[in-house]
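# Residue-level structural notes
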Amino acid sequence: MAAAEAYFVGRSELLSWINSTLGLRINKVEETANGAVACQLMDALFPGVVPMKKVDFNAKNDYDMINNYKVLQDVFNKLGVEKHCEVAKLIKGRPLDNTEFMQWFKAYWDTTTGGQPIGDYDPAARRQLCKTGPLKGSGSGPAAAAPARSTVAGSAASTAGALQRRIGQPASYATKNSTLPTAGGAAATPPPARAGSKKKLISSSARTSVTSDSDTIERLQEEASSWRVSAETATKEKDFYYSKLRAIELLCNTAGVAGSPVAKAVEDILYAATQEEGEACLAAAIAELEAGAGAAPDGMQQAEAVEQLQQQLQSGTELQQQEEGDLQQGGVAEQELGYAAEGVEQQDAAAAVPVC
């Protein structure tokens, strides 16, 4: 069947395709409503792309079903598949919605595989890796052969009746000796089981169980490590930002800064009890500061004020230099006055000496 024609396949053909591909025995298309079947179909097409440990085959509530469809949508996005899952409709389990989705899936499957069978794929082992293990209930286990056997038996009975009418043989004889082929061309009677197959099946199940336990332990260890790293990172970020807020608080309480409009606004924001209150304080502070900036002198007035300040500083510098010069001149005069006084004393002493 071409990929375009897959949109029009019936439910029985869809169920046969799903059961044979994934080794299930679901009886209704609505049983695919939780999204796990679609996830495993993508896992069969693209091995290793679907994280099967996140898929829950036994999802019953809306939350677990939505998680399955999240995994499926992530895979679609990763592979570039332009398909949007209408989760709200699909999880309700209505036959029409789930049938249309599975018909699209069949078309995508045929387009991707080109109608050829996929390689070696063990669906039962892959389901062992799921969150709650394999599917439990009527849809679990290998694909049921009972419907096929009943169909073959009905065909055998009708054929036996026709033979009996034609050649007059008893119906039991015709049924006993008739060998009718199945859809795959093999005989209707299944081959006898090999000796020791039960032991091999048990050992295989034991190995699968051990592998599943190991995967579960590894997954839990990875999750614990991830949460530990997240907690340490959050603690470091909390300490980092708390130290900055504490430094801002101390700065606002410093003399010379405390009481200013900006410091008051910062304190109001820091001490706000809720985020809304803090945002209101921030908006009020910005409005107040903008209003104050509008009342300030314009650029030319500011330049004039700066020029006047420079002139005052220059005048003060000149006055200081003049005072220093006066002090220096006063020191020289005082020194000269001292020298003059010393000379007068010397003259007085010389005049007081008697002349012989």
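Residues numbered from 1 in each chain as written. Predicted model: local features only at pLDDT ≥ 70, side-chain atom pairs only at ≥ 80, totals over all residues. Heavy atoms only, no water.

## Thoughts on the overall build of the protein chain
For the protein chain, the helix and strand inventory stands at 12 helices and 0 strands. N-terminal to C-terminal, the α/β element order of the protein chain is α-α-α-α-α-α-α-α-α-α-α-α. Every one of the 356 residues in the protein chain was classed for burial, and the buried ones make up 23%. Considering only contacts within the protein chain whose residues lie at least 6 apart along the sequence, 62% involve residues at least 24 apart. Accessible area of the protein chain: about 24,500 Å², with a carbon and sulfur share of 57%. (Helix = DSSP H or I, 4+ residues; strand = E, 2+ residues; numbered from the N terminus. Buried < 20%, exposed > 50% of the residue type's maximum accessible area, 1.4 Å probe, protein only. Contact = heavy atoms within 4.5 Å. Areas by Shrake-Rupley, 256 points an atom, 1.4 Å probe, with all protein chains shown as cover.)

## Some remarks on the packing of helix α1 (residues 11–22) against helix α5 (residues 95–113)
Between α1 and α5, the least distance of the axes is 10 Å, while the angle of their chain directions is 60°. When the axis of α1 is compared with that of α5, the two are oblique. The crossing of α1 and α5 is left-handed. Two secondary-structure elements touch here, α1 through Arg-11, Leu-14, Trp-17, Ile-18 and Thr-21 and α5 through Pro-95, Leu-96, Thr-99, Met-102, Gln-103, Phe-105, Lys-106 and Trp-109. A per-class count over the contact of α1 with α5 returns 8 nonpolar, 3 polar and 2 charged. (Axes fitted to C-alpha atoms, helices over the stretch in contact; angles between N-to-C directions. Parallel < 35°, antiparallel > 145°, perpendicular 65-115°, else oblique. Left-handed = near helix turned anticlockwise from the far one by under 90°. Nonpolar A, V, L, I, M, F, W, Y, C, P; charged D, E, K, R; others polar.)

## Focus on the pattern of salt bridges
A side chain of one charge can pair with a side chain of the opposite charge if their charged atoms are brought near each other. Evaluated as defined, the whole model comprises 9 salt bridges. With a closest N to O distance of 2.9 Å, Lys-106 and Asp-110 form a salt bridge. With a gap of 4 residues between them, Lys-106 and Asp-110 both fall in helix α5, about one helical turn apart. For Lys-106, a relative accessible area of 10% translates into the label buried. The residue Lys-264 makes a salt bridge to Asp-268 at a minimum N-O spacing of 3.4 Å. Remark: Asp-268 and Lys-264 occur in helix α10 (residues 261–270); sequence separation between them is 4 residues, near one turn of the helix. Looking at Asp-268, the relative accessible area reads 34%, which means it is partly exposed. (Salt bridge = Lys/Arg side-chain N within 4 Å of Asp/Glu carboxyl O.)

## Observations regarding the confidence of the model for the protein chain
Across the protein chain, the average pLDDT comes to 75, with 62% of residues at or above 70. For residues 1–6, every residue scores under 50 in pLDDT, and the model assigns this stretch 12 contacts once sequence neighbours within four places are set aside. This model gives residues 143–191 a pLDDT under 50, and the stretch forms 26 contacts once residues within four places in sequence are excluded. (pLDDT = per-residue confidence, 0-100.)

## A word on α1
Along an α-helix, a turn takes 3.6 residues, which lines up residues three or four apart on a common side. Here α1 contains 12 residues, and its C-alpha end-to-end distance of 16 Å stays within 8% of the 16 Å for a straight helix at 1.5 Å per residue. When α1 is considered as a whole, its buried residues turn out to be Leu-14, Leu-15, Trp-17, Ile-18, Asn-19, Thr-21 and Leu-22. As for α1, its buried residues are in contact with α2 (36–45), α5 and α6 (123–127). Looking one or two residues past α1, Gly-23 carries a phi angle of roughly 65°, positive in sign. (Expected span 1.5 Å × (residues − 1).)

## Quick notes on the packing of aromatic side chains
This model, assessed by the stated rule, comprises 8 aromatic pairs. Ring centres 5.6 Å apart and planes at 75° place the aromatic pair Trp-17 and Trp-109 in the edge-to-face group. Taken as a pair, Trp-17 in helix α1 and Trp-109 in helix α5 lie far apart in primary sequence, 92 residues in all. One exposure class covers both Trp-17 and Trp-109, and it is buried. Considering the side-chain rings of Trp-104 and Phe-105, the 5.5 Å spacing of their centres and the 80° angle between planes classify their relative orientation as edge-to-face. (Phe/Tyr/Trp six-rings, centres within 6.5 Å; stacked < 30°, edge-to-face > 60°.)

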